[in-house]
Amino acid sequence: MSTATDRPPFIEKPRFSCPLGGAMATVGALPKAVAVLHASQGCGGNSNGAIMQAAGHLGSGYCGGASIPASGIGEQQIVFGGAARLEEQLESTLEVIDAELLVVITGCTAEIIGDDIEAVVRSYRAAAADGRPPLVHASAAGFKGNSYFGYDSVLQALFRDYVVPTKEKKKGKINIWGVTPALDVFWEGNLIELRRVLEGIGLTVNTFFTKQDTLADLRGAGDAELNIVVSPVNGVAAAEVFKEVHGVDHFITDLPIGAKATASFLREVAKRLDLDNDEVEAFLVAEKDAYYHFFNRISDSYADLDFQRYLVIVADTTYAVSLASFATHELGWLPKLVAVTDPTDLEERAAVVERFTGGLADPKETVVFEADTSQISTRLFERWPKPDGSKYYQPFSPAFVIGSRLDREFAESIGAGHLSVTYPISNRCVLNRGYAGYRGALHLVEDVISALVVNR
Amino acid sequence: MSYLHLKVPPTRDIRLRPCNAYGGNLENLVCGQKEGCLSNNGRTFAQTTGCQLTLAMGMAASIPNTVVIYHGPVGCGAGSLGLAGQSKMSQQARGNDDAVGRVWMSTNLSEVDIVSGGEKKLEAAILEAERRFRPHAIFIGNTCVPAIIGDDIDNVATRLQDRVNARIIPLHCEGFKTRFVATAYDIVYHGILRYLLGNQHDRKPIIEDEAAQIAYELRRKKTVNLLNVGSMGYVDEVELVRLLNAIGLEANVYPCFTSPEKFVKVKDAALSISICATHDDYFVEHLKEHYGVPYVLNTIPIGTDNVRLWLLDVADFFGIREEALKVIAAEEAELNKALEPLRKSFVGKTAFVSTGEIRAGAQACMLENDLGIKVVGIRAHHYDEFGEIVFENFKDRDDVTINVAANQPFEQVNLLRRLKPDLYLGHGNSNVWAAKQGVPVLPIYGPNNSYLGYKGIFEVASRLERILSNPRWYNTLGETTQLPYKESWYEQDPYLYIRQTTEAA
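Rules used throughout
- Residues numbered from 1 in each chain as written.
- Chains lettered and ligands numbered in written order.
- Predicted model: local features only at pLDDT ≥ 70, side-chain atom pairs only at ≥ 80, totals over all residues.
- Heavy atoms only, no water.
- Helix = DSSP H or I, 4+ residues; strand = E, 2+ residues; numbered from the N terminus.
- Rg over C-alpha atoms; globule rule 2.2 N^0.38 Å.
- Buried < 20%, exposed > 50% of the residue type's maximum accessible area, 1.4 Å probe, protein only.
- Contact = heavy atoms within 4.5 Å.
- Areas by Shrake-Rupley, 256 points an atom, 1.4 Å probe, with all protein chains shown as cover.
- pLDDT = per-residue confidence, 0-100.
- Axes fitted to C-alpha atoms, helices over the stretch in contact; angles between N-to-C directions.
- Parallel < 35°, antiparallel > 145°, perpendicular 65-115°, else oblique.
- Nonpolar A, V, L, I, M, F, W, Y, C, P; charged D, E, K, R; others polar.
- Domains from an automatic or database assignment.
- Buried area = accessible area lost by both parts, 1.4 Å probe.
- Salt bridge = Lys/Arg side-chain N within 4 Å of Asp/Glu carboxyl O.
- Right-handed = clockwise from strand over helix to strand, strands pointing away.
- Phe/Tyr/Trp six-rings, centres within 6.5 Å; stacked < 30°, edge-to-face > 60°.
- Lys NZ or Arg CZ within 6 Å of the ring centre and 35° of its normal.
- Polar contact = N/O pair within 3.5 Å; in protein donor to acceptor, adjacent residues only side chain to side chain.

Remarks on the overall build of chain B
For chain B, the count of helices and strands is 20 helices and 16 strands. Taken over C-alpha atoms, the radius of gyration comes to 23 Å for chain B, in line with the 23 Å a tight globule of 505 residues would show. Principal axes of the C-alpha set define a box for chain B whose edges measure 65 × 60 × 45 Å. Here chain B holds 505 residues, and the buried ones make up 61% of them.

Spelled out as structure tokens, the structure:
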């Protein structure tokens with residue numbers, strides 16, 4: 001059975017929430033921005049579990065968790081409409097909450113009953129003379145996609161109605177998109193490192209979601225020379241909107257992890273922006289030197305204990321591509337199964353597999369699209385012979401699984417080590433740790449090797 | 001009150017007419033509730049809370065050898081992602097070595113399904129759940145979207161029942177239908193009563209053995225159902241079973257963490273014992289009406305006063321009050337000795353309590369009467385007719401603020417700024433807002449800790465003593481974090497946004 005979007009009829013233990021959850025996480029990561037939910041009463045509470053405990057125990061932040069203002073659509077609103085309740089909630093939110101930006105996030109019930117949100121937004125803006133915080137509306141009905149869609153939806157709303165259009169562009173100023181708060185559990189650490197390396201080659205960098213960023217930076221993002229989207233999926237639709245509204249082109253690439261990937265990422269960016277080659281190369285040499293200074297500390301134990309592993313990667317498209325390449329090229333490991341967990345349209349799958357070229361020896365054989373948690377094991381043993389009782393059976397060992405918390409039982413079942421890197425991660429606490437770039441990759445090496453030596 | 005002929009039981013809004021928004025003294029709350037004039041209260045400013053789906057499916061998923069299917073868009077049930085290991089640990093604690101974590105599926109409804117219906121997807125999910133996991137039961141949780149578009153999950157369940165071994169149990173727990181998430185308990189119990197108990201053939205022995213039958217009947221007369229929904233960890237079960245054993249009773253524990261095929265015995269018990277009317281009133285009343293099993297549900301055994309009341313209720317039913325009083329006297333003497341050295345750290349301390357109504361009342365009473373901590377405020381998620389007994393202790397106490405709210409941290413921060421308690425005992429999702437005001441917190445329930453019975457009193461006391469002995473983490477958090485409220489809000493009446501209305505909200 002197949003629908004127009006080729007979505008499977010069901011997903012077992014889906015590794016994402018809905019657009020509303022993704023939108024809540026995205027708004028919550030912007031400084032002093034506050035989400036106002038126009039949805040059934042439980043949507044926020046339910047999503048909070050997904051974007052807090054399941055995201056490396058990310059806290060409620062400024063106005064997250066149970067503090068998020070919400071209209072709480074009930075039977076009354078389903079029958080008679082909910083716009084008046086939303087208006088009331090917006091007015092009272094202004095009295096109680098100290099916000100610099102409000103984002104109305106609409107869920108399933110609001111969108112099915114067809115509340116005229118744009119009219120509410122218009123009348124709010126008409127009264128804006130009294131110094132109210134700006135308001136945008138992100139459509140995030142659960143049936144429209146998954147949580148990554150919610151990230152894109154918020155960005156699109158901001159690009160259309162918050163970022164100030166300007167014809168003037170600043171040479172050497174770039175915006176980074178594609179790193180999704182909470183859904184990439186290491187988002188803030190990743191963004192901090194991406195900014196560091198891009199500044200290292202002489203650019204002015206906006207990351208929007210870190211402590212260092214401000215809403216003024218977001219508002220003024222329209223004068224950038226280029227948008228860099230470090231994901232083939234997330235933020236791409238929003239970057240198209242940015243281009244349409246603000247005339248800024250975008251460069252879509254993979255999240256760079258490790259010295260090799262980061263160097264080629266920076267070289268590509270430098271080429272796009274015509275940067276001084278010598279300056280860029282000087283930075284790369286220094287970074288590479290510092291990176292291997294630390295990385296090579298594992299050499300004695302790696303050599304003595306044979307740290308090479310067969311590897312299973314269970315990840316969304318963004319992380320799957322980057323982790324496969326890192327494992328192959330930097331750890332010298334052997335990815336034998338890469339399970340991509342995003343729901344991917346059939347016609348896009350060939351292009352996704354193509355992205356693994358260079359990162360995997362045989363992408364067509366190794367990459368599968370599998371959203372169901374219990375089926376990862378099935379997919380592995382379609383590729384690796386099952387134990388047959390023979391004396392010289394070659395086991396899938398030594399092995400390691402890089403995936404989410406949901407894949408720990410699978411790892412245990414095949415006697416493999418396990419590290420949670422992809423969402424959901426309820427078994428680790430993540431603060432400023434990132435896995436991108438040079439410094440992030442060193443963290444990844446620390447965490448992977450620590451998992452191997454944990455019992456020593 | 002039998003509702004078992006209905007596909008969908010009535011919501012609490014209609015059945016009990018509780019209150020979910022109130023601030024003031026206890027007397028007005030009790031009177032208002034009785035007269036029914038508080039049940040339509042709402043808020044003109046509100047913050048996000050839970051829905052009955054999350055609670056219902058959490059309860060269903062705690063039952064081993066089941067698959068839960070969220071029939072809806074992919075985000076309904078995403079809260080499970082933060083709890084991947086939890087139900088496995090809880091099952092292992094109860095000796096189930098083969099425990100697997102929560103198994104759930106989503107029918108992942110899309111925009112296309114909104115138009116063309118989602119029943120086909122639900123069918124596919126049920127059949128695949130059976131094939132992959134061979135469960136004893138499959139719970140279907142219906143969500144807002146399929147309810148609005150008119151998917152008939154009961155029909156799907158009936159249609160497929162002959163094709164699968166698992167008992168298919170449809171649960172109508174759509175979030176928008178009720179303001180009271182506690183309706184979830186009724187929904188799951190309704191499913192258990194209709195589909196696990198209702199359809200069990202009478203268990204006629206294959207070979208009649210008169211002696212065995214007599215022995216069973218004798219045992220049955222001293223066997224009780226102990227209901228453990230939600231707020232009870234395994235350690236609490238052990239403690240309550242210990243107390244019941246001490247007065248000569250045997251207990252079977254239902255419904256959480258008990259495999260579906262064992263439910264049939266629930267009909268055979270001499271008495272059902274609830275620890276919380278908010279959880280169980282629907283179930284015990286139906287068990288009584290349909291299977292003649294009487295019940296007690298006056299209170300939760302937290303604090304010596306309520307443990308005594310709870311145990312004597314049970315003992316009186318069996319006519320063994322004297323035995324129970326002896327057990328109580330011995331237990332209280334032993335406990336008091338153990339509490340004595342801890343009490344000095346509570347002298348002059350104040351506390352604020354926030355959780356479900358029954359637990360809130362009993363815990364507050366325990367703090368005052370057992371530990372000597374003065375309670376300055378109590379928040380209950382909702383208030384209904386069952387609250388009166390546990391709140392009895394706070395009658396005519398103008399020094400205790402009463403607030404009825406599910407989460408709504410904005411009211412709480414306003415109250416705490418005024419009351420400045422030394423301690424906060426609260427429910428998940430509310431605790432952090434007290435912590436961010438620098439107030440040390442004891443979570444008011446948790447699956448790995450003890451709260452009930454005599455052991456629970458001691459453990460709560462020793463945890464409070466520990467927390468008070470170094471509150472620096474909380475103090476630092478209060479100094480270094482920023483709450484999202486305008487300074488002007490703290491000067492307002494904390495109940496400013498409660499709308500009192502006679503019309504439905």
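Details of the overall build of chain A
Along its length, chain A carries 19 helices and 13 strands. Rg of the C-alpha trace for chain A: 23 Å, near the compact-globule value of 23 Å for 456 residues, within the 12% margin. The proportion of buried residues among the 456 residues of chain A is 61%. Considering only intrachain contacts with a sequence separation of at least 6, the fraction spanning at least 24 residues in chain A is 73%. For chain A, the exposed surface amounts to about 17,100 Å²; the carbon and sulfur share of it is 51%.

Let's talk about the confidence of the model for chain A
Parts of the prediction with low pLDDT should not have their coordinates interpreted in detail. Per-residue confidence for chain A gives a mean pLDDT of 95; residues scoring 70 or more make up 98%. Confidence drops under a pLDDT of 50 for residues 1–5 of chain A, and excluding neighbours within four residues, the segment shows 7 contacts in the predicted structure.

Considering the packing of helix α14 (residues 321–343) of chain B against helix α19 (residues 453–469) of chain B
Pairs of packed helices are described in terms of their axes, by the angle between the two and the distance that separates them. Residue and element names in this part refer to chain B. One can describe the packing of α14 onto α19 by two numbers: an axis separation of 10 Å at closest approach and a directional angle of 5°. The angle between the axes of α14 and α19 places the two elements in the roughly parallel class. Mapping the contact onto sequence places Ile328, Glu331, Glu332, Leu335, Ala338, Leu339 and Leu342 in α14 and Tyr454, Ile457, Phe458, Ala461, Ser462 and Glu465 in α19. Of the residues belonging to the contact of α14 with α19, the class tally is 9 nonpolar, 1 polar and 3 charged.

Remarks on the domain arrangement of chain A
Residues and elements named next belong to chain A. Domain annotation for chain A reports domain 1 (19–161), domain 2 (173–292) and domain 3 (307–425). Centre-to-centre, using C-alpha coordinates, domain 1 lies 36 Å away from domain 3. Roughly 440 Å² is buried in total at the junction of domain 1 and domain 3, and carbon and sulfur atoms are behind 44% of that figure. Of all residues in domain 1, Ala54, Asn146 and Tyr148 give up the largest surface area on contact with domain 3, accounting jointly for 69% of the area buried on that side. The tally of links between domain 1 and domain 3 comes to 0 salt bridges.

As for the pairing of strand β10 (residues 334–340) of chain A
Of all 7 residues making up β10 of chain A, 5 are buried, and the element is well covered by its neighbours. Each parallel crossover has a hand, and for strand β9 (residues 310–315) of chain A linked through helix α14 (residues 317–331) of chain A to β10 of chain A it is right-handed.

Overview of the packing of aromatic side chains
In this structure the tally under the stated criterion is 27 aromatic pairs over all chains. Both rings, one in Phe45 of chain B and one in Phe410 of chain B, keep their centres 4.7 Å apart while their planes meet at 90°; by these two values the pair is edge-to-face. Of this pair, Phe45 of chain B sits in the loop between β2 (42–43) and α3 (52–61) while Phe410 of chain B sits in helix α17 (residues 409–419), and the two are 365 residues apart along the sequence. Judged by relative accessible area, Phe45 of chain B falls into the buried class, the value being 0%. Taking the centre distance of 4.9 Å and the plane angle of 85° together, the rings of Phe317 of chain B and Phe318 of chain B count as edge-to-face. Using a relative accessible area of 38% as the deciding quantity, one classes Phe317 of chain B as partly exposed. A residue is classified by how much of its surface remains accessible, and Phe318 of chain B, at 17% relative accessible area, is buried. For Arg132 of chain A, the ring lying beneath its charged end belongs to Tyr124 of chain A, and the centroid distance is 4.8 Å. The ring of Tyr451 of chain B has Arg359 of chain B lying over it, and the distance from NZ or CZ to the ring centre is 5.2 Å.

What to know about the domain arrangement of chain B
Residues and elements named next belong to chain B. What the domain assignment reports for chain B is domain 1 (52–172), domain 2 (210–324) and domain 3 (336–498). For domain 2 versus domain 3, the distance between C-alpha centres works out to 29 Å. Facing the 27 residues of domain 2 at the interface are 24 residues of domain 3. When domain 2 packs against domain 3, the two sides together hide about 2,100 Å² of surface, and 65% of this comes from carbon and sulfur. Of all residues in domain 2, Asp236, Glu239 and Ile302 bury the most surface against domain 3, accounting for 24% of the area lost on that side. Where domain 2 touches domain 3, the interface holds 7 residue pairs in polar contact (both at pLDDT 80 or more). Mapped by element, the contributors of at least two residues to the side of domain 2 that touches domain 3 are α11 (234–246), α12 (277–291) and α13 (303–318). Sorting elements by how many residues they give to the side of domain 2 that touches domain 3 places α11 first, with 7 residues. When grouped by side-chain class, the residues that make up the side of domain 2 that touches domain 3 number 13 nonpolar, 9 polar and 5 charged.

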